[in-house]
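Here is what each chain is made of, one letter per residue.
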Amino acid sequence: MIERTDTGSIVVLSLAHGPVNVMDTALLWAVTETFKALAAEQVAAVVLTGAGRAFSAGVDLRRLLDGGPEYAREFLPALSEALHTVFTFDRPVVAAVNGHAIAGGCVLACCADVRLMAAGKGRMGIPEIKVGVPFPRVPLEVMVHAVGPKVAGRLVLRADTLLPADALALGLVDEVVEPDTLLDRAVATATELATTIPADTFALTKTQLRRETVERIARYRVDEDDPVARLWDRRVSDGWTARYLDSVTGKG
């Protein structure tokens, strides 16, 4: 599900889970386990990208509908744990967004320190509210950290998915590059971060920059995880999520 290529001390991780790398519990557990394992290795930085035509199209809604409430109760903690693990990884992480990065895929990219996006027709955004479900605290805080509360609020409530130039204008990505140079540019950026800043200084500074976000996550998710899960369950049972899926797949 995750392909690894080492370029010197830079590790390139490619999500490789179906044609558009949809997120299910198996992929999320693999993300968590991979980053936890890397934390124990002598790697300088990580580049995270997608195999195929997308970075990640987000939550596997069909699997969510088929699995019902029991699956959702497994999925939500797996989602939060994966995002939290990447967000708190103490070395440089560069996202090479090679195509669509939607919903959870967008949030995963926003866990990175630097986000590069391929020019073209790929879109990036967080349309969860149209699916009918609220954000768990972890992805919500990741988005606020990445783009600030005002832009995050706009992205959440309007549920826009943005082309690369618009994503750049809102600060959702740091740079738009040609598709055939994306990975090389991401590796170069990761190498620069790893070689021009002492590793211990980078790690402490990253912790400082993200400390308030991590503290808010810990404070608020205690009260929010259960009501969030209940609303996800409700949207599965009342047909809202199914109708949304049909509308975006041309079946509605």
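As a starting point, this report considers the structure included with it. (Residues numbered from 1 in each chain as written. Predicted model: local features only at pLDDT ≥ 70, side-chain atom pairs only at ≥ 80, totals over all residues. Heavy atoms only, no water.)

Observations regarding the pairing of strand β7 (residues 114-118)
When a strand is regular, its side chains alternate between the sheet's two faces.
Here comes step 1: Buried residues dominate β7, accounting for 5 of its 5 residues.
Here comes step 2: Burial along β7 is two-sided: the face carrying V114, L116 and A118 and the face carrying R115 and M117 are both buried.
Here comes step 3: Sheet topology places strand β5 (residues 93-97) next to β7; 4 bridges connect them, and they run parallel. Counted as the bridge partner of V97 is M117 from β7.
Here comes step 4: Inspection of the sheet shows β7 paired to strand β10 (residues 175-177) by 3 bridges, in the parallel sense. Note that in β10 the partner of M117 across the bridge is V176. (Buried < 20%, exposed > 50% of the residue type's maximum accessible area, 1.4 Å probe, protein only. Helix = DSSP H or I, 4+ residues; strand = E, 2+ residues; numbered from the N terminus. Pairing = 2+ DSSP bridges.)

Some words on the sheet that holds strand β1 (residues 2-7)
By definition, the strands of a sheet pair up through backbone hydrogen bonds, in either a parallel or an antiparallel sense.
Here comes step 1: Taken together, 6 strands build an open sheet; the order of strands is β1-β2-β3-β5-β7-β10 and the sheet is mixed. Two strands lie at the open edges of the sheet, namely β1 and β10, each paired on one side alone. Averaged over all adjacent pairs, the angle separating strand axes in this sheet is 20°, with direction ignored.
Here comes step 2: With 4 bridges joining them, strand β3 (residues 45-50) and β5 adopt parallel strand pairing. Its bridge partner lying in β5, L48 is registered against A95.
Here comes step 3: Running at roughly 165° to β7, helix α8 (residues 182-196) makes contact with β1, β2 (10-15), β3, β5, β7 and β10 of the sheet. (Axes fitted to C-alpha atoms, helices over the stretch in contact; angles between N-to-C directions. Contact = heavy atoms within 4.5 Å.)

Here's the deal with the sheet that holds strand β8 (residues 124-125)
Here comes step 1: What the 4 strands build is an open sheet, ordered β4-β6-β8-β9; its pairing is mixed. Because the sheet does not close on itself, it has two edges, and the strands there are β4 (54-56) and β9 (161-162).
Here comes step 2: Sheet topology places β8 next to β9; 2 bridges connect them, and they run antiparallel. Bridge pairing in β9 links M124 to L162.

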